[in-house]
Amino acid sequence: MTTPDAPVLEARDLHKSFGALVATNGLSLTVRTGQIHALIGPNGAGKSTAIAQLAGSLRPDAGEVLFSGHSVTRLDEAGRARLGLARSFQISALFPEMTALESVMLAVQAGRRHHARFWKPASADDSLLEPARQALYTLGIGHLARTRASDLAHGQRRLLEMAMALAREPRVLLLDEPMAGLGFVETRNLSAVIHALKADMGILLVEHDMDVVFRLADVVTVLVDGAVIASGPPSVIRDDPDVRRAYLSEDDAC
Amino acid sequence: MRPDALTLRRRLIRDGLPMLLLAVAPLAAMAVDAGWLVPVFTRMAVFALAAMALHFILSIGGMVSLGHAAFFAIGGYVVGIGSQHAYDETPAPLGLPGWNDMLISLPAAFAVGALIAVPFGWLSLRTRGAYFIMITLALAQMIFYLLVSLRAYGGEDGISMWWGRNTLAGLEMSDRLALHAVCLVILALAWWVLSRMTAAPFGWVLDGARQNEARMRALGYRPLAYQIGAFALSGGIVAVAGALMANVDEFVSPGLGHWTVSGELLVIVILGGLGSLSGAVWGALVLLGLEEVLMEFTQHWAVIMGPLLVVIVLFARGGVGGFLDRLNMGKRHDDA
Ligand SMILES: Nc1ncnc2c1ncn2[C@@H]1O[C@H](COP(=O)(O)OP(=O)(O)OP(=O)(O)O)[C@@H](O)[C@H]1O
Ligand SMILES: [Mg+2]
């Protein structure tokens, strides 16, 4: 199941338009177990739109999504999540009235089949509690277990977002700018967590911080106007003239 | 969601007190020769039951139904229709013999209410917010006019059960206190079931879907089935309340399904507060109590009632339950 380098999630020639706007234009990429695959590109390049199509919340106009070699193009988002696909949102999507612990317990529970759905109090279920605590500690927010999501600071929300995504031990993790708005220390810690996670899963990482991307990524795909202009190992991408012109140059200018 | 966070005393006052009031008040009324007051309290228990079922889907599921009177009326007619045929000794719909015992009529009311709530919930849940409210209202209006058109069952005038109310396991229920006790037991039972379901995974999924449906789907949940299930359970319980109401009044009419009844249930829920299911009991006590008192003084009671409700809701944010919680918050140090 966790054979290194086995393709776990594939996009094949995805197309998506919003009216006249082409948001995804022939996107193909492969996420492999044991790899961090970075998806980069300027604002509006179509990165989030690509994630939405991979996750199943947005239907492509054309193209295929494959999970472990099987087409999931017609499977809804919940169905793909049950197969082992997890995501974090660019804008934190939390349960404002739940505590951090309850939020992650709800995430863990989603992967369970056999439990008393109607009768037994969920809060007392140790089989939910333990993995949930574990996920919070992994992200360094164990001490916030009893804090309501709406009371968390921005950085802590990003980390809770991550905890919910990885609590189910997914086989693919789609991360949409998980570091956005994090401080230096938080970014470093989260980088370490993501790096440690890749042993067991494939990770697609959308990130604007180029230091993070080039430090973590095994493969980098560059998206401009919905189309892939380059894809390969970080060392190659860094020196690719097209990429420098289309994207990195503007980054250097800042 | 976290009852463990509440002290025992707080729960006793907030949850136990209104039930105790409903249990003791009729006895007190009998003791002072005011037996005519008993049905007033029974009405409160019945409305508390219906409002609690609405509270369940509203507070946890975020479903603001302005159509629950439909289920109230459906439950009432399950009693009225069965009772009429049992008296006439004519076959009821579907060729069934008439029924006149609560052991049949109450479960039947639940089943019919829940069954009709499934398509109603499915239709309403295709929308959210104000549209959800409008669709539930429209569907309930459909039921209302359907009942008005039922010539065989009195049309607009409904069915007067002058032959008396349902029996319970063959026992006559002519005693007001006995009927009150039945209503109270069913209210307590519904409360127990609904609070267990709130704390169970089922309730968590509803709660999560209310707070962030997109995230729920990303986690692998399909909330719609849970929401329809909760809506059906709620509709079934409201129908049981309607069936009890028919027995209290010994009369059913399309008026049970009038949209103002749906509004009244919503007012009770909001008045009592969304914090705990007991809010429905507080709300029923306060609203029906006020109605009763104001009616004593003036026939223009509604003119006073409206503004009074606004003041209460504004003053006691979170309803009566929230008000009690805040009173107790202030005293928290002496709990410790
Ligand atoms: N639902 C939608 N309807 C219409 N246009 C959309 C929709 N979603 C995205 N777009 C447009 O599609 C393009 C790609 O958007 P997307 O959010 O995927 O970009 P992105 O690469 O994630 O950008 P950012 O770095 O700012 O997050 C943008 O021009 C955006 O305005
Ligand atoms: Mg984006």
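Refer to the structure above for everything that follows.
As a starting point, this report considers the structure included with it. Computed from a predicted model, the values in this text were never measured in an experiment.

### Description of the overall build of chain A
- Looking only at helices and strands, one finds nine helices and 10 strands in chain A.
- Radius of gyration (C-alpha) of chain A: 18 Å, near the 18 Å computed for a compact globule of 254 residues.
- Projected onto its principal axes, the C-alpha coordinates of chain A cover approximately 60 × 40 × 40 Å.
- Across the 254 residues in chain A, those meeting the buried criterion constitute 53%.
- By sequence separation, contacts in chain A at least 24 residues apart represent 66% of the contacts at least 6 residues apart.
- Summed over all atoms, the accessible surface of chain A reaches about 11,000 Å², with 52% contributed by carbon and sulfur.
- Counting 26 positive and 30 negative side-chain charges, chain A places the centres of these two groups 6 Å from one another.

### Some thoughts on the overall build of chain B
- Looking only at helices and strands, one finds 14 helices and two strands in chain B.
- Taking 2.2 N^0.38 as the reference for a compact globule, 336 residues should give roughly 20 Å; the C-alpha atoms of chain B span a radius of gyration of 20 Å, in line with that estimate.
- Projected onto its principal axes, the C-alpha coordinates of chain B cover approximately 65 × 55 × 40 Å.
- Burial statistics for chain B: of 336 residues in total, 54% are counted as buried.
- Restricting the contact set of chain B to residue pairs at least 6 apart, pairs at least 24 apart contribute 77%.
- For chain B, the exposed area adds up to about 14,700 Å²; of that, 69% sits on carbon and sulfur atoms.
- Side-chain charges of chain B comprise 20 positive and 21 negative groups, with the mean position of each set lying 17 Å from the other.

### Quick notes on the environment of Met210 of chain A
Residues and elements named next belong to chain A.
- As for its position among the elements, Met210 is in helix α7 (residues 210-216).
- The buried category is assigned to Met210, whose relative accessible area is 9%.
- For the pair Met210 and Ser191, spaced 19 residues apart in sequence, the C-alpha separation works out to 12 Å.

### Examining the pattern of salt bridges
- Applying the stated criterion to the full structure yields 14 salt bridges over all chains.
- With its nearest N and O atoms 3.4 Å apart, the salt bridge here joins Glu10 of chain A to Arg12 of chain A.
- Note on Glu10 of chain A: relative accessible area 15%, which makes it buried.
- Between Asp15 of chain B and Arg14 of chain B there is a salt bridge whose closest N-O contact spans 3.1 Å.
- The exposure class of Arg14 of chain B is buried, given its relative accessible area of 8%.
- Overlapping salt bridges, with partners in common, bring together Glu97 of chain A together with Asp207 and Arg210 of chain B in one network.

### Details of the site of ligand 1
All names here are of chain A.
- Around ligand 1, a shell composed of 13 residues is seen, among which Gly44, Lys47, Ser48, Thr49 and Gln90 lie nearest.
- Note that an oxygen atom of ligand 1 is positioned 3.1 Å from one of the side-chain N or O atoms of Asn43.
- Between ligand 1 and the protein, one listed contact pairs an oxygen atom with a side-chain N or O atom of Gln90 at 2.8 Å.
- In isolation ligand 1 has 630 Å² of accessible area, and contact with the protein removes 60% of it.
- At the level of secondary structure, the elements contributing two or more residues to the shell around ligand 1 comprise β2 (21-32) and α1 (47-55).
- In terms of residues, the shell around ligand 1 owes the most to one element, α1, which gives three residues.
- For the shell around ligand 1, a count of residues per class yields four nonpolar, seven polar and two charged.

### Some remarks on the interface of chain A and chain B
- In this assembly, 35 residues from chain A lie in contact with 27 residues from chain B.
- Summing both partners gives a buried area of about 2,900 Å² for chain A against chain B, and 57% of it is carried by carbon and sulfur.
- A salt bridge links Glu97 of chain A to Arg210 of chain B; the shortest N-O distance between them is 2.9 Å.
- Applying the counting criterion to the chain A and chain B interface returns 12 residue pairs in polar contact (both at pLDDT 80 or more).
- When contributions to the side of chain A that touches chain B are tallied by element, the ones reaching two or more residues are α2 (77-83), β6 (85-88), α3 (100-110) and α5 (154-166) of chain A.
- Examining the composition of the side of chain A that touches chain B, we find that six residues originate from one element, α3 of chain A, more than from any other.
- Partitioning the side of chain A that touches chain B into residue classes produces 19 nonpolar, six polar and 10 charged.

About the thresholds
- All residue numbers refer to position in the chain's written sequence, counted from 1.
- Chains carry letters from A onward and ligands carry numbers from 1 onward, assigned in written order.
- Residues qualify for local features only when their pLDDT is at least 70, as the model is predicted, and side-chain atom pairs are given and counted only at 80 or more; totals for whole chains, interfaces and linings, by contrast, use all residues.
- Note that the side-chain values use all heavy atoms of the structure and ignore hydrogens as well as water.
- Helix and strand definitions follow DSSP, with helices as H or I runs of at least four residues and strands as E runs of at least two, each counted in order from the N terminus.
- For the radius of gyration, the atom set is restricted to C-alpha positions; the globular benchmark scales as 2.2 Å times the number of residues to the power 0.38.
- Throughout this description, buried means an accessible area under 20% of the type-specific maximum (1.4 Å probe, protein chains only), exposed means over 50%, and partly exposed covers the range between.
- Contact between two residues is taken to exist if any of their heavy atoms lie within 4.5 Å; hydrogens are not considered.
- Method for areas: the Shrake-Rupley scheme with a 1.4 Å probe, in which residue coverage is limited to the protein chains shown.
- The sign given to each residue is positive for Lys and Arg and negative for Asp and Glu; His and the chain ends receive no count.
- By convention, charge coordinates are those of NZ in Lys, CZ in Arg, CG in Asp, or CD in Glu.
- Salt bridge, as used here: a side-chain nitrogen of Lys or Arg that lies within 4 Å of a carboxyl oxygen of Asp or Glu.
- One heavy atom suffices: a residue is near a molecule or strand as soon as one of its heavy atoms comes within 4 Å of it.
- Whenever two N or O atoms come within 3.5 Å, that pair is a polar contact, provided that in protein one can donate a hydrogen and the other can accept it, and provided that, for residues adjacent in sequence, both atoms are side-chain atoms.
- As a working rule, the residues Ala, Val, Leu, Ile, Met, Phe, Trp, Tyr, Cys and Pro are called nonpolar, Asp, Glu, Lys and Arg charged, and the rest polar, with Gly in that last group.
- Buried area, as used here, totals the accessible surface that two parts lose on assembly, with accessibility defined by a 1.4 Å probe and the loss added over both.

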